[in-house]
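Coordinates in review
Here is what each chain is made of, one letter per residue.
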Amino acid sequence: IRLVCSRPTPIESLEHVPDLPAGFEISVKRDDLTGSILSGNKCRKLEFILAEGLANGAKAMITCGAVQSNHARTACAAARSLGMQPYAFLRSPTPESPASAGVA
């Protein structure tokens, strides 16, 4: 399956890194440039996880995270886009916090 993750994303060298030992380079994989609204590297991982679920006949997806979890939001959106029913178990820092804020 594809969740609109463009491939490959670039690897960029970081220039002018202070105190970097001679002979070392630092590069960054730019998964923020996947072309998806589904949170960069999370989209790439979810393609494989959800494809396996669909191949095995899954009709729903369960995930967990904090109340404001980007992973949970992304996983639910990706599952919905594939016709799966998403469920997110969200934890909050205090028992009084609404754990279902905006997730369905």
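Cut-offs applied
- Residues numbered from 1 in each chain as written.
- Predicted model: local features only at pLDDT ≥ 70, side-chain atom pairs only at ≥ 80, totals over all residues.
- Heavy atoms only, no water.
- Patch = residues over 30% accessible without salt bridge, like charges linked within 9 Å, V, L, I, M, F, W, Y side chains within 5 Å.
- Areas by Shrake-Rupley, 256 points an atom, 1.4 Å probe, with all protein chains shown as cover.
- Salt bridge = Lys/Arg side-chain N within 4 Å of Asp/Glu carboxyl O.
- Helix = DSSP H or I, 4+ residues; strand = E, 2+ residues; numbered from the N terminus.
- Core = buried A, V, L, I, M, F, W, Y, C linked by side-chain atoms within 4.5 Å.
- Buried < 20%, exposed > 50% of the residue type's maximum accessible area, 1.4 Å probe, protein only.

1. Some remarks on a nonpolar patch on the surface
A surface patch of nonpolar side chains, about 400 Å² in accessible area, is lined by Leu14, Leu20, Phe24, Ile26 and Val28. With respect to the helices and strands, Ile26 occurs in the loop between strand S1 (11-13) and strand S2 (27-29).

2. Concerning the nonpolar core
One finds Leu46, Leu50, Met61, Ala75, Cys76, Ala78, Ala79 and Met84 forming the largest nonpolar core, which totals eight residues. Of all the secondary structure elements, the ones that give two or more residues to this core are helix H1 (41-55) and helix H2 (70-81).

3. Looking at unusual backbone geometry
Of note, His16 is a non-glycine position whose phi angle comes to about 60 degrees, a positive value. Secondary-structure assignment places His16 in the loop between S1 and S2. Look at His16 and you get exposed, because its relative accessible area is 78%. The backbone phi angle of Asp19 is positive, close to 60 degrees, even though this residue is not glycine. Structurally, Asp19 is set in the loop between S1 and S2.

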